[in-house]
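Results of the structural survey
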Amino acid sequence: MSAASCLLTEDQFLCSICLVVFTDPVSTPCGHNFCQTCITQHWNVNVQTQCPNCKKVFNTRPELQVNTFISEMAAQFRQSAQQKASSSSSEQQAAKPGEVPCDVCTGTKLKALKSCLVCLDSYCETHLEPHLTTSGLKRHQLIDPVENLEARMCTKHDKLLELFCKTDQMCVCKLCTVSDHKTHDVVPLKEGYEGKKAELVAEIQQMIQKRELKIQEIKHSVKISEKDADREIADGVQVFTALMKSVERRMNELIDTIKEKQRKTEKQAEGFIKELEEELSELKKRSTEVEQLSRSEDHLQSFRTLNTATPTKNWTRVSIRLPHEGTVRRAVNQLEETLSKQMKKLITEVELKRVQQSAVDVTLDPDTAHPKLILSDDGKQVKLGVVKKNLPDNPERFNYLVNVLTKQSFSSGRFYYEVQVKEKTDWELGVVRESINRKGSITTTPQEGYWMICLSNENEYKALTDPSVRLSLKSRPQKVGVFVDYEEGLVSFYDVDAAALIYSFTGCCFTEKLHPFFSPCLNSKGINSAPLIISPVNHTE
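As a starting point, this report considers the structure included with it. (Residues numbered from 1 in each chain as written. Predicted model: local features only at pLDDT ≥ 70, side-chain atom pairs only at ≥ 80, totals over all residues. Heavy atoms only, no water.)

**What about the environment of Gln357?**
Rules: Helix and strand definitions here come from DSSP, where helices need a minimum of 4 consecutive H or I residues and strands a minimum of 2 consecutive E residues; each element is numbered from the N-terminal end. In protein, a polar contact requires one atom able to donate a hydrogen and another able to accept it; more generally it is a pair of N or O atoms within 3.5 Å, and residues adjacent in sequence count only if both atoms are side-chain atoms.
Looking at the element boundaries, Gln357 is found in the loop between α7 (327-355) and β9 (373-375). For the pair formed by Gln357 and Asn538, sequence separation is 181 residues and the distance between their alpha carbons is 9.7 Å. Reaching out from Gln357, the side chain makes a polar contact with the backbone oxygen of Lys353 at a distance of 3.1 Å.

Set out below in structure tokens:
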């Protein structure tokens, strides 16, 4: 490049339309220069033919010719820029994966230093220079290099997204605030970002806390499961050890039975053999006598001797029966029946021991008790009195049937309590919904919110279903255990002393609080005057 040309700056050879060094520059009649393609496209899209710089209007589109002088000068500047870019590109680093590449570089893409929010391009050090030196480009907004610059522009107004609409939770441009988001709560993008960031941080912290709590919950569940597994193993060992002992005892009994039968068979056989040997000896003796008679001449005496009685027992029907046939089969059948009963009893014992771990302390609520009921001071006993007390008829109180509930109620989990029913001929026990009707005559069925069993007429046990179910019990319960699993929908009653299940309501649907229910029932000439007593639960881990 000549010395004179070095006095010229590159921005003197930039097209004011495309803002790069001229390509095929042409001059308009008003004296301004443009790339031939840029001015042609400009006039093609505009109604008037005017100069983009001075706005002079031409009635007819001027015939444009390439300005050879400017073209040569622009070519020299372009060549110089390419040489400079070529020499500096070796010093600059090529864009690595994850880095923003220069949009102008051809061939090897160099690492971009800045991105232009006006041009929507990213530039390396060489191609960024016009934005740092050219007056028109200096006004452009440069930011740290980012990819996908188009996403930062409003698709409707082609303006930078620099605001945040809190109403619609979206980024908008300035023109959006006077159109679609005119009445919305709009803040600067940084403020919106900070607010959104704070919300996200709070949300993440909340999620972290929830997950930390869930981890603790799971770890706690694992510990409970481990404890439950140990208890199950212990219970299983207890049950199977008892069953194995029972089997071993039955096996020894079977062996003793078979051996005893064998001893009797051998003794019988010895008796038969001894008798046969005696007869055999007698027969041999008779045979000798007969043989001697054949040589005697005293036929009369011989005849008398022949008529002497000989053994006449018929041994054809005498035999030794096999005493062991069917012994094992009968023993196994008996064992099966015994084990079945024993297994049921052992399982119930284990089950009762487990539900007793859910024992709760309950006390009777005097505000619910019928006026004729007498409650102990500690709220653990109830019996029927003679005189009806003058008590307020509050909504919670039973006013017709002699019933009472506990102060405590349960709306989740498991709970268990025991009631002594000793010396009583009539009683009702169970759990009820909190919203049950407590006035007048009551239908005590699950449909009405009652899950109960009862004793009447001293020995008639029933589950109060619809219709009621008669219960056949092997023993008369002295203490009744009541167990409820709220989520499982289960209410079970146990004979505590016999460790036997009395009855279970299954598939229940509980939707509100449950209260333990007690009714000592009526007295008849002093009979059934004993109280119902809430007993402490005696259980071991």
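**Here's the deal with the nonpolar core**
This is how it is decided: We define a nonpolar core as any set of buried Ala, Val, Leu, Ile, Met, Phe, Trp, Tyr and Cys residues linked to one another through side-chain atoms lying within 4.5 Å. Each residue's exposure class comes from its accessible area (1.4 Å probe, protein chains only) as a fraction of the maximum for that residue type: buried when under 20%, exposed when over 50%, partly exposed otherwise.
Of all hydrophobic cores here, the largest spans 37 residues; its most connected members are Trp427, Val480 and Phe518. In this structure, Leu14, Val21, Phe34 and Cys35 belong to the second largest nonpolar core, which totals 18 residues.

**Regarding the pattern of salt bridges**
Applied cut-off: Every case where a carboxyl oxygen of Asp or Glu lies within 4 Å of a side-chain nitrogen of Lys or Arg is listed as a salt bridge.
Under the definition given, this model contains 14 salt bridges. Glu162 is paired through a salt bridge with Lys174; the nearest N and O atoms lie 3.9 Å apart. Of the two residues, Glu162 sits in the loop between β5 (142-143) and β6 (163-165) while Lys174 sits in the loop between β7 (170-172) and β8 (186-188), which places them 12 residues apart along the sequence. As a salt-bridge pair, Arg250 and Glu253 come within 3.9 Å of each other at their nearest N and O atoms. Here Arg250 pairs with Glu253, and both are found in helix α5 (residues 189-293), just 3 residues apart, close to one helical turn. The partly exposed category is assigned to Arg250, whose relative accessible area is 27%.

**Description of the sheet that holds β8**
Each strand in a sheet pairs with its neighbour through backbone hydrogen bonds, running either in the same direction (parallel) or in the opposite one (antiparallel). What counts here: Two strands are said to pair when DSSP picks up at least two bridges between them. Lines are fitted to the C-alpha atoms to define the axes, a helix being fitted only along its stretch in contact, and any angle between axes, read from their N-to-C directions, falls within 0 to 180 degrees.
Sheet architecture is open: 3 strands sit in the order β7-β6-β8, paired in antiparallel fashion. Two strands in the sheet have a free side with no partner beyond their single neighbour: β7 and β8. Strand-to-strand, the axes of this sheet are offset by a mean angle of 35°, without reference to chain direction. With 3 bridges connecting them, β6 and β8 associate as antiparallel partners. In the strand pairing of β8, Cys165 is matched with Val186.

**A closer look at the packing of aromatic side chains**
Convention followed: When two rings of Phe, Tyr or Trp (its six-membered ring) have centres within 6.5 Å they constitute a pair, described as stacked for plane angles under 30 degrees, edge-to-face for angles over 60, and tilted for the intermediate range.
Applying the stated rule across the entire model yields 11 aromatic pairs. For the ring pair Phe398 and Phe517, a centre distance of 6.3 Å and an interplane angle of 85° mean the geometry is edge-to-face. You can see Phe398 sitting in the loop between β10 (381-384) and β11 (404-405) and its partner Phe517 sitting in strand β20 (residues 514-519), a full 119 residues away along the chain. Look at Phe398 and you get buried, because its relative accessible area is 0%. Each ring, one from Phe410 and one from Phe415, has its centre 4.1 Å from the other, and the planes form 15°; the classification is stacked. Look at Phe415 and you get buried, because its relative accessible area is 0%.

**Examining the pairing of strand β19 (residues 500-505)**
As a general feature of sheets, a regular strand has side chains that alternate between the two faces. In this structure, strand β18 (residues 490-495) lies alongside β19, joined through 5 bridges in antiparallel fashion. Within the sheet, the bridge partner assigned to Asp495 lies in β19 and is Ala500. Once β18 ends, the chain turns through 4 residues before running back antiparallel as β19, passing Ala499 with a positive phi of about 50°.

Taken by themselves, the reported measurements are silent on function.
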